[in-house]
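Given next are the chains, with one letter for each unit.
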Amino acid sequence: MKRRDVVKYLSIAPVAGAVAGSAAPLEAVAAIPAATAKRDLIKELGLRTFINAYGVYTTHTASLMSDEVLDAINGSSKKFVLYNDLQDKVGEKIAAMCHAEAAMVTSGCWSAIVLGTAGVLTGMDRKKVALLPDVSSFEKNEVIVQRSHMGSYDHTLTNTGIKRVVVETADELEKAISPKTAMTWFYNEAAPWGKIGHEEWLAIAKKHNIPTMVDIAADVPPVENLWKFNDMGYDLVCVSGGKAIRGPQSAGILMGRKHLIAAARLSAPPGGNNIGRGMKVNKEEILGMYAALERFINLDHGKEWKMWEDRAAIIANAVNKVRGAKAEIFVPPHANVTPTLRINWDQSLIKLTSRDMTANLRDGEPSIEAPKYVENALIISVWMMQPGEEKIVARRLTEELNKASV
Ligand SMILES: *Cc1c(COP(=O)(O)O)cnc(C)c1O
């Protein structure tokens, strides 16, 4: 802002003017709303808020940060530190908590995958760092993936310029390995659909001395998954910070071998002239991520689980009282592993499509976001609800089911 603009700004900003200028008459100050009054920006902007029965998805702004995270953000926001010092210190703490040699905070799991792959490709060679995503001159510029692991998140890999080499069987994996192979990538959520499991995948890669990366973005709980894959021997492990861990939505963790994390950091801020310059995660988020992880690891996970089960039971009991409706509680085997409800209804008794049901829940009071499942069923995820919201969801579901009953 130019000085002239600052003066103009102050003259039209009564609150700032009154606080900054001691010349303001007392009556004028008294007439101005307290400068400390908290603004409710969501309300001011007229944004719709809702009960999150969907789960931890980016569209729904994922999870709510815990108080510990907000304290970390607020408590660190008034001082400067060096960005690299911060990544060093926080990285050390995270690595120790997760049985890794080293770690760094990234802007989400997505960039953890990009930066980790970049680190594998470049090592500590800054010329190579500057060349990415042009890897045509690199001796190693291929990453091997299983066909069933593709489609959702492997775009992260091609962002670095590499070519994906697709395999289905262990035999194909052996044959695909060549002097061009930089890394192999495993997508944990897809483990049940792949022909090659973790142990075999790792054993083959290790035999050929090829670094391996695993994407476990949404795969805590169980909390043990934070160290399980490091213990198993993966060289790089990528996790989301803003899902179950309830850190900043824009944060994530890359952890693994020390030399690979050091290399990955060359492609990330604060350096420029690299592919990761736009993947900045700020000081407060880095500390927020650390606080979130510490809190998550120390949580009483048995108690959390029981709380989710109780919520699911309240909803199931209410729904099961409606003639023709049925609620079952299940636990997804991988990713978002929490007690979840599948609610079905007999369409000859309840004239309602799942599309109308989700629309009515969204348009109701309070608004509820829940995913459709099939034509006459929906899924209700309870773990992102605030305490007590399960009762509201139970009431709204039964209201809609009863209204549509013939
Ligand atoms: C959510 C997710 C990502 C992306 O993670 P962000 O933290 O949103 O960047 C990557 N992979 C999988 C499997 C995910 O579920």
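For the structure, check the block above.
Rules used in this analysis
- Residues numbered from 1 in each chain as written.
- Predicted model: local features only at pLDDT ≥ 70, side-chain atom pairs only at ≥ 80, totals over all residues.
- Heavy atoms only, no water.
- Near = heavy atom within 4 Å.
- Polar contact = N/O pair within 3.5 Å; in protein donor to acceptor, adjacent residues only side chain to side chain.
- Helix = DSSP H or I, 4+ residues; strand = E, 2+ residues; numbered from the N terminus.
- Nonpolar A, V, L, I, M, F, W, Y, C, P; charged D, E, K, R; others polar.
- Expected span 1.5 Å × (residues − 1).
- Buried < 20%, exposed > 50% of the residue type's maximum accessible area, 1.4 Å probe, protein only.
- 1 Å grid on protein atoms, 1.4 Å probe; cavity = no way out; pocket = protein on both sides within 12 Å on 5 of 7 lines; lining within 4 Å.
- Points joined across faces, edges and corners; volume = space filled by probe spheres on them.
- Pairing = 2+ DSSP bridges.
- Axes fitted to C-alpha atoms, helices over the stretch in contact; angles between N-to-C directions.
- Parallel < 35°, antiparallel > 145°, perpendicular 65-115°, else oblique.
- Left-handed = near helix turned anticlockwise from the far one by under 90°.
- Contact = heavy atoms within 4.5 Å.

(A) Just the site of the ligand, in detail. By nearness alone, every residue bordering the ligand is listed as Gly-108, Cys-109, Trp-110, Tyr-153, Tyr-187, Asp-215, Ala-217, Ala-218, Ser-240 and Lys-243. Trp-110 is positioned with one of its backbone polar atoms (N or O) 2.9 Å from an oxygen atom of the ligand. Within the contact set of the ligand, an oxygen atom lies 2.8 Å away from a side-chain nitrogen or oxygen of Lys-243. The greatest single-element share of the shell around the ligand, amounting to three residues, is contributed by helix α7 (residues 108–122). Taken together, the residues that form the shell around the ligand break down as six nonpolar, two polar and two charged.

(B) Quick look at helix α17 (residues 389–403). The first and last C-alpha atoms of α17 sit 21 Å apart over 15 residues, in line with the 21 Å expected at 1.5 Å per residue. Glu-389, Glu-390, Val-393, Ala-394, Arg-396, Leu-397, Thr-398, Glu-400 and Leu-401 are the residues of α17 that are buried.

(C) Here's a closer look at empty space enclosed by the protein. According to the stated counting rule, one finds one cavity of 30 Å³ or more in the structure shown. One number sums up the size of the largest cavity: a volume of about 40 Å³. Considering the residues around the largest cavity, the lining is formed by Tyr-83, Gln-87, Met-104, Val-105, Thr-106, Leu-115, Ala-268, Pro-269, Met-279 and Val-281. Of all elements in the fold, only α6 (83–97) and β2 (102–106) reach the threshold of two or more residues within the lining of the largest cavity. Broken down by element, the residue count for the lining of the largest cavity peaks at three residues, all from β2.

(D) Region of interest: the sheet that holds strand β10 (residues 340–345). Read across the open sheet, the three strands follow the order β9-β10-β12; overall the sheet is antiparallel. Both outer strands of the open sheet, β9 (325–330) and β12 (377–381), are each paired with one neighbouring strand and no more. Each neighbouring strand pair of the sheet contributes to a mean axis angle of 20 degrees, computed without reference to strand direction. Sheet topology places β10 next to β12; five bridges connect them, and they run antiparallel. Across the sheet, Asn-344 pairs through a bridge with Ala-377, a residue of β12.

(E) Quick look at the packing of helix α5 (residues 67–76) against helix α14 (residues 283–298). Put simply, α5 and α14 touch, their axes get as near as 8 Å, and they point 150 degrees apart. In terms of axis orientation, α5 runs roughly antiparallel to α14. Here the hand of the crossing between α5 and α14 comes out right-handed. Between α5 and α14, the contacting residues are Glu-68, Val-69, Ala-72, Ile-73 and Ser-76 on the first element and Lys-283, Glu-284, Leu-287, Gly-288, Ala-291, Ala-292 and Arg-295 on the second. Each residue belonging to the contact of α5 with α14 can be placed in one class, and the counts come to six nonpolar, two polar and four charged.

(F) Quick peek at the sheet that holds β2. In space, the seven strands of this open sheet follow the order β2-β8-β7-β6-β5-β3-β4, with mixed pairing throughout. Single-partner strands in this sheet number two, and they are β2 and β4 (163–167). Averaged over all adjacent pairs, the angle separating strand axes in this sheet is 25 degrees, with direction ignored. As judged from the four bridges shared by strand β5 (residues 181–187) and strand β6 (residues 212–215), these two strands associate in the parallel manner. Looking across to β6, one finds that Tyr-187 is bridged to Asp-215. Relative to strand β7 (residues 236–240), α7 is tilted by about 160 degrees, and along the sheet it contacts β2, β3 (142–146), β5, β6, β7 and β8 (252–256).

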